[in-house]
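Okay, here's what each chain looks like letter by letter:
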Amino acid sequence: MAHSLLILNGPNLNMLGLRQPEIYGTTTLPEVEAMAVAHGAKKGVNIECRQTNHEGALVDWIHEARGTQDGIILNAGAYTHTSIALMDALIAAEVPAIELHLSNVHAREDFRHTSYIAKVCVGQICGFGAAGYTLAIDAMLATLEAQS
Ligand code: DQA
């Protein structure tokens, strides 16, 4: 059966393309999502994309992924640096997750160097802009293959 991956984007990522393009690029979120879905189709993987500005909605969607998705790719935006709830949700979901950022958070302000979700993710991809989403799909597929 084809794998199913859930791509979640958190707060302010609906503003991609408009928001600080010198940091986040000019590609919009619908364009990023279309690229991810097209890449998934090439690899024979179902990709579902969702975005919210609300922490609780991310928690609910991570819970829903339990038993229904094979992997989660999560750009939690600023919640990455603050949210124990997201970390707990990922533990509860028992679905492998990859932490994703467009920017290289380690080359930015100190508060962006802390991630509450990194410790419960398979790994982190950051600094590759919109291309990070397709890199994350490939990394998740390699992870799932290694596990099977
Ligand atoms: C981000 C990095 C975060 O620090 C920031 O709060 C974002 C976007 C990124 O994709 O580079 O909203 O997750």
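A quick note: this is a predicted structure, and the numbers were derived from the prediction, not measured.

Reading the values: the criteria
Residues numbered from 1 in each chain as written. Predicted model: local features only at pLDDT ≥ 70, side-chain atom pairs only at ≥ 80, totals over all residues. Heavy atoms only, no water. Axes fitted to C-alpha atoms, helices over the stretch in contact; angles between N-to-C directions. Helix = DSSP H or I, 4+ residues; strand = E, 2+ residues; numbered from the N terminus. Left-handed = near helix turned anticlockwise from the far one by under 90°. Contact = heavy atoms within 4.5 Å. Nonpolar A, V, L, I, M, F, W, Y, C, P; charged D, E, K, R; others polar. Buried < 20%, exposed > 50% of the residue type's maximum accessible area, 1.4 Å probe, protein only. Pairing = 2+ DSSP bridges. Near = heavy atom within 4 Å. Polar contact = N/O pair within 3.5 Å; in protein donor to acceptor, adjacent residues only side chain to side chain. Areas by Shrake-Rupley, 256 points an atom, 1.4 Å probe, with all protein chains shown as cover.

Time to look at the packing of helix α2 (residues 29-43) against helix α5 (residues 131-147). As a packed pair, α2 and α5 sit with axes 9 Å apart at the nearest point and diverge in direction by 35 degrees. Here the hand of the crossing between α2 and α5 comes out right-handed. For the pair formed by α2 and α5, the contact residues are Val32, Met35, Ala36, His39 and Lys43 on the first element and Tyr133, Thr134, Ile137, Asp138 and Leu141 on the second. The residue inventory of the contact of α2 with α5, partitioned by class, reads six nonpolar, two polar and two charged.

When a strand is regular, its side chains alternate between the sheet's two faces. The buried fraction of strand β4 (residues 97-101) is high, at five of five residues. Burial along β4 is two-sided: the face carrying Ala97, Glu99 and His101 and the face carrying Ile98 and Leu100 are both buried. Of the pairings in the sheet, the one linking strand β3 (residues 71-75) to β4 comprises three bridges and is parallel in character. Residue isoleucine 72 lies in a different strand from β4, and its bridge partner there is alanine 97. Pairing analysis gives four bridges linking β4 to strand β5 (residues 123-126), with the strands arranged parallel. Bridging across to β5, histidine 101 finds its partner in cysteine 126.

Glancing now at the site of the ligand. Near the ligand you find Arg19, Tyr24, Asn75, Gly77, Ala78, His81, His101, Leu102, Ser103, Val105 and Arg112, and these make up its full shell. At a separation of 3.0 Å, an oxygen atom of the ligand approaches a polar side-chain atom of arginine 19. At 2.8 Å, a side-chain N or O of arginine 112 approaches an oxygen atom of the ligand. When isolated, the ligand has an accessible area of 320 Å², and the protein chains bury 99% of it. The class makeup of the residues in the shell around the ligand is four nonpolar, five polar and two charged.

This brings us to the sheet that holds β4. If you walk across this open sheet you meet the five strands as β2-β1-β3-β4-β5, and the pairing is parallel. Whereas interior strands pair on both sides, the edge strands pair on one side only; in this sheet they are β2 (46-51) and β5. Strand-to-strand twist across the sheet, computed as the mean angle between neighbouring axes with direction ignored, equals 20 degrees. Examined bridge by bridge, strand β1 (residues 4-9) and β2 share six bridges and lie parallel to one another. Among the inter-strand pairings, leucine 8 is bridged to a residue of β2, identified as arginine 50. The strands touched by α5 are β1, β2, β3, β4 and β5; relative to β4, the strand with the most contacts, the crossing angle is about 165 degrees.

Remember, this is a structural readout, not a statement about activity or role.
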